[in-house]
Amino acid sequence: MAQGQDTAIDQAIRDYFREALDWGQEFADIFAPEAEVDVEDCIATLETRLALLRRRLAVRDFPSDVQSDATTLVGAIPPDTLTSRFQALQRAQTGLLRAKIEADRLLLARLHGDYAQTHIADPLFEGVEPSPDGTVPAALQVIPTVQAPSIPVAPPLHELAKNYEEVLATQNIKEKTLGDLRLSFDLARAVIDFDKPASLLDTNDMKSLRDLIGQIPAHYQKKPETRDLDPVAAVEAGKLLPKMGYETQKKRFDFFKRFVAWMVAEEYLPKVPGADIKLLVKKPPKGKPKRLPYSPEKLHQIFQTPIYTGRSSVARSGVKGDLLMKDGRYWVPVIALFAGMRSGEIIQLLKADIRSEEGIAYFDISKWEDEPEEEIKNLKTGSSYRRVPIHSAILNLGFLDYVADRPGGRLFPDLKLGSDGTYSQPWSKFWSNYGKTWKFRTPLHVFHSFRHNFVDALHDANVTDAIAMQLCGHSDDAAHWGYGKGASIARLKEEIEKVRYTGLDLSHATGFGWKS
């Protein structure tokens, strides 16, 4: 099918070139000899235009008329022949620009009287002959005077991309965020020439990136069919594979758009090209859930897996065995379910974060800048700083004894930092694999589902919105909630104890030991 698409495009381009060839020959043979035609001016115009078009072809900076003609050309291809609109547009735009260049070169040779150079040199148009019944234009089509546009001097895109990444690094941006930026740059490099001046970035470049993002398979770097391919080749090889969802496509595109906005702010570009370009995928309708809470049946299923009934070994926690231990993998789901904390917030907890006030033990979810560098923590938002009383269900499992036995530092040193600089990355991978093994994972049931369970339990217990938001680390934009310190630890303890899960029994998991 791809070959049929390419054949149709190439034939249309060759027809386009034939028309340009006809006009050029007629102009050289019929109109150029006329006294009123300034041939020297035509030559100067052609030389300027030819140099400009070649430069544009080199950096894939297609003029607007070429983009328009390419869109029309691709639109005329039968739907059953068109396999990839993105690749078709790229091929059409390149071919049309080559046709303009070759036609101008041949006409220039004729006007110079250099007929040794009037044979077709571009292999795409080999064998194309002027139409035998070409019609002489009724009026002289004067070649418009073309002045080379004044292109502001700007560094190449690859240099500014490096500068932008360095700027973000100085702002203490998370490694995960920088990793997302690099992924967007990798996709952009596949369809945009990063060696060209930043000032030549245009709407066509943004469309090309948008189209690539819309057609490339999800997780293409991990799929056997596409992991060894460059992004453009991955699109062709992964045509039948699922594509990235709306949120992921938006994230990939937005990261590059932020880079472009930065270039505008730094005055390397006059404006953001293609600012109103829309993604190819539709935004999910409002109200469609991204995640669901675990059902009572799934919660029972989770807490009957080897982590809570006996595992084979420390490393093989997903295999049934006789080893009963309370490590990070044991505590993180329990804390998520009864404290509503995010995985990253739990895993990065320090022994010093377990505090007490008025006899009430609580999680102090904070980020102390005076801690050793390896213990500085990441929180999602400013409202994430909070105190969460420790639910009796967690205490009954011996959590404070576990804390007391820790020498200091991180509570769960067995859970390592990920390559993106977060603790949640390796944990999410572990939990996903664990859920697949024990059949409680679905696309809508992930680790974050515990947080949904917690919020639902607060609502079921008629806990006020203000208390619920304080416990969960959510913010309210209303000015009223920006005053004061919030509810007391005693009130928070009273409310969190209302969290209950029907039919959930953890008594079988109390007698475990733990590793120091």
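**Student:** Could you give me a rundown of the nonpolar core, with the residues and numbers involved?
**Tutor:** Core analysis: the biggest nonpolar cluster contains 57 residues, and Ile335, Phe363, Phe399, Trp431 and Phe450 have the highest contact counts within it. The greatest single-element share of this core, amounting to nine residues, is contributed by helix H12 (residues 328–339). If we skip the residues at most four places from it in the chain, Phe450 touches Tyr294, Leu299, Ile302, Phe303, Pro333, Ala336, Leu337 and Trp431. The next biggest cluster of nonpolar side chains, apart from the first, holds 38 residues, and it includes Phe86, Leu157, Ala188 and Leu212.

**Student:** For unusual backbone geometry, give the residues involved together with the corresponding values.
**Tutor:** Even without glycine at this site, Glu358 takes up a positive phi of about 55 degrees. Note that Glu358 resides in the loop between strand S1 (354–357) and strand S2 (360–365). We note that Lys439 has phi near 65 degrees; this positive angle belongs to a residue other than glycine.

**Student:** Go over helix H7 (residues 203–215) with me, naming the residues and quoting the values.
**Tutor:** Along its 13 residues, H7 runs 18 Å from first to last C-alpha, staying within 8% of the 18 Å computed at 1.5 Å per residue. In terms of burial, H7 is largely enclosed, as 11 of its 13 residues are buried. Of all the residues in H7, the buried ones are Asn204, Asp205, Met206, Ser208, Leu209, Arg210, Asp211, Leu212, Ile213, Gly214 and Gln215. Structurally, the start of H7 carries an N-cap: the backbone nitrogen of Asn204 is 3.2 Å from a side-chain oxygen of Asp202.

**Student:** Before we move on, can you summarise a negative patch on the surface with the specific residues and values?
**Tutor:** Negative charge collects at one region of the surface, where Asp38, Glu40, Asp41 and Glu47 lie side by side. Mapped onto the fold, Asp41 is located in helix H2 (residues 39–58). For Asp41, a relative accessible area of 36% corresponds to the partly exposed category.

**Student:** Talk me through the sheet that holds S1; I want residue IDs and the actual numbers.
**Tutor:** In space, the three strands of this open sheet follow the order S1-S2-S3, with antiparallel pairing throughout. With partners counted over all chains shown, the strands left at the sheet margins are S1 and strand S3 (386–389), one partner each. With strand direction ignored, the average angle separating the axes of adjacent strands in the sheet is 40 degrees. As paired elements, S1 and S2 share four bridges and run antiparallel to each other. Following the sheet pairing, Ser356 is matched in S2 by Ala361. Against the sheet, helix H19 (residues 489–496) touches S1, S2 and S3, its axis set at about 50 degrees to S3.

**Student:** Please set out the packing of helix H5 (residues 157–170) against helix H6 (residues 175–191) residue by residue, giving values where relevant.
**Tutor:** Running from N to C, H5 and H6 point in directions that differ by 170 degrees, and their axes come no closer than 11 Å. In terms of axis orientation, H5 runs roughly antiparallel to H6. Contacts from Ala161, Tyr164, Glu165, Leu168 and Ala169 in H5 reach Leu178, Leu181, Arg182 and Phe185 in H6. Looking at the contact of H5 with H6 residue by residue, the class counts come to seven nonpolar, no polar and two charged.

**Student:** Report on the packing of aromatic side chains, specifying residues and quantitative values.
**Tutor:** Applying the stated criterion to the full structure yields 33 aromatic pairs. Both rings, one in Phe185 and one in Phe194, keep their centres 6.1 Å apart while their planes meet at 75 degrees; by these two values the pair is edge-to-face. Each of the two residues, Phe185 as well as Phe194, counts as buried. Lying across the ring of Phe255, Arg258 places its NZ or CZ 4.9 Å from the centre.

**Student:** I'd like to hear about H12, residue by residue, with values.
**Tutor:** Look at H12: 15 Å from first C-alpha to last across 12 residues, which is about the 16 Å you get at 1.5 Å a residue. Where burial is concerned, most of H12 is hidden: 11 out of the 12 residues are buried. All of the buried residues along H12 are Gly328, Tyr330, Trp331, Val332, Pro333, Val334, Ile335, Ala336, Leu337, Phe338 and Ala339. Following H12 by one or two positions, Gly340 has its phi on the positive side, about 70 degrees.

**Student:** Outline the environment of Ala461, listing residues and values.
**Tutor:** Residue position: Ala461 is located in the loop between helix H17 (449–460) and helix H18 (465–472). A relative accessible area of 21% means that Ala461 is categorised as partly exposed.

**Student:** Explain the pattern of salt bridges to me, and be specific about the residues and the numbers.
**Tutor:** Using the criterion set out here, one finds 25 salt bridges in the structure. As a salt-bridge pair, Asp10 and Arg91 come within 2.9 Å of each other at their nearest N and O atoms. Taken together, the residues span a long stretch of sequence, with Asp10 in helix H1 (residues 2–31) and Arg91 in helix H4 (residues 85–112) at a distance of 81 residues. One connected set of salt bridges, linked through shared partners, spans Lys176, Asp180, Lys251 and Arg252.

**Student:** Can you tell me about the side chain of Arg252, naming the residues and giving the values?
**Tutor:** With respect to the element layout, Arg252 can be found in helix H9 (residues 246–265). Other than its neighbours up to four places away in sequence, Arg252 contacts Asp180, Leu183, Ser184, Leu187, Ile213 and Met244.

**Student:** Now, about the pairing of S2: what can you tell me, with residues and values included?
**Tutor:** Among the six residues of S2, six are classified as buried, and the element is accordingly described as predominantly covered. Because side chains alternate across S2, one face comprises the buried residues Ile360, Tyr362 and Asp364, and the other comprises Ala361, Phe363 and Ile365, equally buried. Taking the residues between adjacent antiparallel strands as the criterion, S1 and S2 are bridged by two residues, where Glu358 takes a positive phi near 55 degrees. Bridging between S2 and S3 involves four bridges; their strand directions are antiparallel. If you follow Asp364 over to S3, its bridge partner there is Arg387.

Reading guide: rules and limits
- Residues numbered from 1 in each chain as written.
- Predicted model: local features only at pLDDT ≥ 70, side-chain atom pairs only at ≥ 80, totals over all residues.
- Heavy atoms only, no water.
- Core = buried A, V, L, I, M, F, W, Y, C linked by side-chain atoms within 4.5 Å.
- Buried < 20%, exposed > 50% of the residue type's maximum accessible area, 1.4 Å probe, protein only.
- Helix = DSSP H or I, 4+ residues; strand = E, 2+ residues; numbered from the N terminus.
- Contact = heavy atoms within 4.5 Å.
- Expected span 1.5 Å × (residues − 1).
- Polar contact = N/O pair within 3.5 Å; in protein donor to acceptor, adjacent residues only side chain to side chain.
- Patch = residues over 30% accessible without salt bridge, like charges linked within 9 Å, V, L, I, M, F, W, Y side chains within 5 Å.
- Areas by Shrake-Rupley, 256 points an atom, 1.4 Å probe, with all protein chains shown as cover.
- Salt bridge = Lys/Arg side-chain N within 4 Å of Asp/Glu carboxyl O.
- Lys, Arg positive; Asp, Glu negative; His and termini not counted.
- Charge placed at Lys NZ, Arg CZ, Asp CG, Glu CD.
- Pairing = 2+ DSSP bridges.
- Axes fitted to C-alpha atoms, helices over the stretch in contact; angles between N-to-C directions.
- Parallel < 35°, antiparallel > 145°, perpendicular 65-115°, else oblique.
- Nonpolar A, V, L, I, M, F, W, Y, C, P; charged D, E, K, R; others polar.
- Phe/Tyr/Trp six-rings, centres within 6.5 Å; stacked < 30°, edge-to-face > 60°.
- Lys NZ or Arg CZ within 6 Å of the ring centre and 35° of its normal.

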